[in-house]
Amino acid sequence: MPKQQSLITKDGVSYLIPFILVTFCFALWGFANDITNPMVKAFSKIFRMSVTDGTLVQVAFYGGYFCMAFPAAIFIRKYSYKAGVLMGLGLYAIGALLFFPAKAVGIYGCFLLAYFIMTCGLSFLETSCNPYILTMGPDETATRRLNMAQCFNPCGSIIGMFIAMNFIQARLNPMSSEERALLSDSEFEVLKNADLSVLISPYLVIGMVIAVMFVIICVVKMPKNGDQSHDIHFLPTLKRIFALKRYREGVIAQFFYVGAQIMCWTFIIQYGTRIFMAEGMDEQSAEVLSQNFNIYAMLFFICSRFIATYLMKWIKPARLLTIFAVLGMVFTAGVILLQNRMGLYCLVCVSGCMSLMFPTIYGIALDGLGDDAKFGAAGLIMAILGGSVLPPLQAMIIDQGTVFGTFPATNASFVLPLVCFLVVGIYGYRIILERQ
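Note that this is a predicted model, so its numbers are computed, not measured.

**Looking at the overall build of the protein**
Thinking step 1. A count of helices and strands for the protein gives 22 helices and four strands.
Thinking step 2. Taking 2.2 N^0.38 as the reference for a compact globule, 436 residues should give roughly 22 Å; the C-alpha atoms of the protein span a radius of gyration of 21 Å, in line with that estimate.
Thinking step 3. Considering only C-alpha atoms, the protein reaches an extent of 65 × 45 × 40 Å along its principal axes.
Thinking step 4. Buried positions account for 59% of the 436 residues belonging to the protein.
Thinking step 5. Long-range pairs, those at least 24 residues apart, make up 84% of the contacts in the protein with a sequence separation of at least 6.
Thinking step 6. Surface summary for the protein: the accessible area is close to 16800 Å², and the carbon and sulfur share equals 69%.
Thinking step 7. In the protein, 30 side chains carry a positive charge and 24 a negative one; their mean positions are 11 Å apart.

**Some details on helix α19 (residues 373-382)**
Thinking step 1. By the criterion of burial, α19 is predominantly enclosed, with 10 of the 10 residues buried.
Thinking step 2. Turning to α19, its buried residues number three or more, namely Ala-373, Lys-374, Phe-375, Gly-376, Ala-377, Ala-378, Gly-379, Leu-380, Ile-381 and Met-382.
Thinking step 3. Buried residues along α19 sit against α4 (56-78), α5 (81-97), α7 (108-134), α12 (234-242), α13 (245-266) and α18 (357-366).

**Here's the deal with the side chain of Thr-273**
Thinking step 1. Following the sequence through the fold, Thr-273 ends up in helix α14 (residues 268-278).
Thinking step 2. When residues no more than four places from it in sequence are discounted, the contact partners of Thr-273 are Glu-283, Ala-286, Glu-287 and Ser-290.

**Let's talk about the packing of aromatic side chains**
Aromatic ring pairs are reported here in terms of the distance separating the ring centres and the angle at which the planes meet.
Thinking step 1. Counted according to the given criterion, the structure contains 27 aromatic pairs.
Thinking step 2. Aromatic side chains Phe-242 and Tyr-247 sit 5.2 Å apart centroid to centroid with 75 degrees between the ring planes, which places their arrangement in the edge-to-face category.
Thinking step 3. We classify Phe-242 as partly exposed; its relative accessible area is 30%.
Thinking step 4. For Tyr-247, a relative accessible area of 0% gives the class buried.
Thinking step 5. The interplanar angle of 85 degrees and the centroid separation of 5.5 Å between the aromatic rings of Tyr-271 and Phe-414 together place this pair among those described as edge-to-face. Separated by 143 residues along the polypeptide, Tyr-271 in helix α14 and Phe-414 in the loop between α21 (409-412) and α22 (415-434) bring together distant segments of the chain. Neither Tyr-271 nor Phe-414 differs from the other in exposure class; each is buried.
Thinking step 6. One aromatic cluster is present, formed by Phe-43, Phe-47, Phe-61, Tyr-65, Phe-99, Tyr-108, Phe-111, Tyr-115 and Tyr-203 through successive ring pairs.
Thinking step 7. Against the face of Phe-188 rests Arg-48, its NZ or CZ located 3.8 Å from the ring centre.
Thinking step 8. Between the NZ or CZ atom of Lys-78 and the centre of the ring of Tyr-79, over which it lies, the distance is 5.8 Å.

**Notes on helix α16 (residues 317-337)**
Thinking step 1. End to end, α16 covers 30 Å across 21 residues, agreeing with the expected 30 Å (1.5 Å per residue, within 8%).
Thinking step 2. Residues of α16 that are buried: Pro-317, Ala-318, Leu-320, Leu-321, Thr-322, Phe-324, Ala-325, Gly-328, Thr-332, Gly-334, Val-335 and Ile-336.

**Some points on the environment of Phe-414**
Thinking step 1. A relative accessible area of 0% means that Phe-414 is categorised as buried.
Thinking step 2. Linking Phe-414 and Asn-33, residues 381 residues apart in sequence, is a C-alpha distance of 20 Å.
Thinking step 3. Phe-414 has contacts with Met-263, Cys-264, Phe-267, Tyr-271, Thr-332, Val-335, Ile-336, Leu-347 and Gln-394, leaving out every residue within four places of it along the chain.

**Things to note about the pattern of salt bridges**
Thinking step 1. Under the definition given, this model contains six salt bridges.
Thinking step 2. A salt bridge links Arg-48 to Asp-185; the nearest nitrogen and oxygen atoms lie 3.9 Å apart. Taken as a pair, Arg-48 in the loop between α2 (39-46) and α3 (51-54) and Asp-185 in helix α11 (residues 185-219) lie far apart in primary sequence, 137 residues in all.
Thinking step 3. What makes Asp-185 exposed here is its relative accessible area of 59%.
Thinking step 4. Notably, a salt bridge pairs Glu-189 with Lys-192, separated by 3.3 Å at the nearest N-O pair. On the criterion of helical spacing, the pair formed by Glu-189 and Lys-192 is a turn pair, its members being three residues apart in helix α11.

**Some details on the side chain of Gln-270**
Thinking step 1. Note on placement: Gln-270 falls in helix α14.
Thinking step 2. Other than its neighbours up to four places away in sequence, Gln-270 contacts Lys-41, Val-51 and Thr-410.

**Examining the environment of Gly-259**
Thinking step 1. Mapping Gly-259 onto the fold places it in helix α13.
Thinking step 2. Placed 18 residues apart in sequence, Gly-259 and Met-277 show a C-alpha to C-alpha distance of 27 Å.
Thinking step 3. Excluding residues that lie within four positions of it along the chain, Gly-259 makes contacts with Gly-386, Gly-387 and Leu-390.

**So, the packing of α2 against α11**
Thinking step 1. Two numbers describe how α2 lies on α11: the axes approach to 10 Å, and their chain directions differ by 155 degrees. What the angle tells us is that α2 and α11 run roughly antiparallel. Seen from α2, the contacting residues are Met-39, Ala-42, Phe-43 and Ile-46; seen from α11, they are Phe-188, Lys-192, Asp-195, Leu-196, Leu-199 and Tyr-203.

**Concerning the nonpolar core**
Thinking step 1. Among the nonpolar cores identified, the biggest contains 139 residues, and Phe-43, Tyr-92, Tyr-115 and Leu-199 are the most heavily contacted of them.
Thinking step 2. Sequence-distant contacts of Tyr-92, that is, excluding residues within four places in its chain, are made with Leu-28, Trp-29, Phe-31, Ala-32, Met-118, Gly-121, Leu-122, Leu-125, Ile-206 and Ile-210.

**Notes on the state of the cysteines**
Thinking step 1. According to the stated counting rule, one finds zero disulfides in the structure shown.
Thinking step 2. Between Cys-67, a cysteine without a disulfide, and Cys-120, which holds the nearest cysteine sulfur, the sulfur-to-sulfur distance is 6.7 Å.
Thinking step 3. With no disulfide of its own, Cys-218 has Cys-25 as its nearest cysteine by sulfur position, at a separation of 13 Å.

Parameters at a glance
The numbers attached to residues start from 1 for each chain and follow its sequence in the written order. In keeping with the model being predicted, local features are shown solely for residues with a pLDDT of at least 70 and side-chain atom pairs are shown and tallied solely at 80 or more, while totals for entire chains, interfaces and linings include all residues. Each side-chain value is worked out from all heavy atoms of the structure, with water and hydrogens disregarded. The secondary structure listing takes helices from DSSP runs of H or I that are at least 4 residues long and strands from runs of E that are at least 2 residues long, numbered from the N terminus. The quantity called the radius of gyration is restricted to C-alpha atoms. Its globule counterpart is 2.2 Å times the number of residues to the power 0.38. The classification of residues rests on relative accessible area computed with a 1.4 Å probe and restricted to protein chains. Under 20% of the type maximum is buried, over 50% is exposed, and intermediate values are partly exposed. Whether two residues touch is decided by their heavy atoms; if any such pair falls within 4.5 Å, the residues are in contact. Method for areas: the Shrake-Rupley scheme with a 1.4 Å probe, in which residue coverage is limited to the protein chains shown. When charges are tallied, Lys and Arg are placed among the positive residues and Asp and Glu among the negative ones, while His and the ends of the chain are skipped. To locate a charge, take NZ of a lysine, CZ of an arginine, CG of an aspartate or CD of a glutamate. Each aromatic pair joins two rings of Phe, Tyr and Trp (for Trp, the six-membered one) with centres within 6.5 Å, and gets the label stacked for planes under 30 degrees apart, edge-to-face for over 60, and tilted for any other angle. For a Lys NZ or an Arg CZ to count as sitting over a ring, it must be within 6 Å of the ring centre and within 35 degrees of the ring normal. In this analysis, the expected span of each helix is defined as 1.5 Å times one less than the number of residues it contains. For this document, the term salt bridge refers to a Lys or Arg side-chain nitrogen within 4 Å of an Asp or Glu carboxyl oxygen. Only C-alpha atoms enter the line fits that serve as axes; for helices the fit covers just the stretch in contact. Angles between N-to-C directions range over 0 to 180 degrees. Comment on the angle field: the value is read as roughly parallel under 35 degrees, roughly antiparallel over 145, roughly perpendicular from 65 to 115, and oblique elsewhere. By nonpolar core is meant a set of buried Ala, Val, Leu, Ile, Met, Phe, Trp, Tyr and Cys residues that side-chain atoms within 4.5 Å join together. Cysteine sulfurs are considered disulfide-paired once they come within 2.5 Å of each other.

Nothing here speaks to function; it is geometry throughout.
Below, the structure written as structure tokens:
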């Protein structure tokens, strides 16, 4: 087989070790994303807040991505991809370790600050690692290579979900939201402190793991691919890349995709809890079982991503993206219309449809940008803001309880992910037409 078909060898140079180390970072930020999604429900209970207030976790989390993306790109352009990875790991570790003083203070806003700092680090990581992976081999296999690296992102997500379910949700006090509302202020403080002690432990552990990873990457020699130019021409570069329709529309598609992903993975807890409580379960058991379904969704996501990466050997990425977006709309319609476990099964299937979307949109949008990919990557990472903007809108619908009389608001709220998949499908179709 010709060398140019290799995923991680270019001009006779193998990038296996750097590829493995950078790919491990994909798992690390996957862990952060998916230990955080169930925390919307957990913080809502611990601080006796509405679902809408709980989604401030997502606002802080994805707001960090938005605020730090272009500063990260400037930093990477001035120094190197490796420096960007190290800065990302450092901020990630600091944010995670700040959960300890946040618990000591006991104020919700302190946790939001810790999340924000942590995700400033994740913004550095994603802005660095995604385009860095694209450089570790032939241009012809860049999108496949990124899909392969992204396969390990949900592996970290699975671990995050497992930790959230077994070491946080299952160990929180089983008292329901209604029972907590009846507690006196002193009783509430005791319960809150006990639950926060449970919640922060995994974050302290991951903070130490990230610190170890920082040291490893610091001492390992990493390739300087894409680090040839250190000149910063910020505004001209932005003008140049946003003039490209493929890139500009890719940023929009990524915004809506990330919004759909976070909505589907965050509110599967509320969706499943409503169904299981209607079947007679208590609230905590329903939440834990719903988190099990979240793990099933992620396992399906992982399997589907490997399958999609394999299929790209024969099917063009844009065409596969369009097919998966249409399937996503079909299953999301089932989530909305079905009011039993079948709706939950459809929500699990939606994850399979989402599997290839992020790296495929990313790869298509950055195709041919060359050294401009550093700033192009920042724009696509800023599009992760969709995960901050759209979930609170869905939460506002869920908080209504019912809509149109007796129709469950939780079901109706999934019209937002349906619209998101429509936008992604249109992007994929327009790329197909462009390349015909």
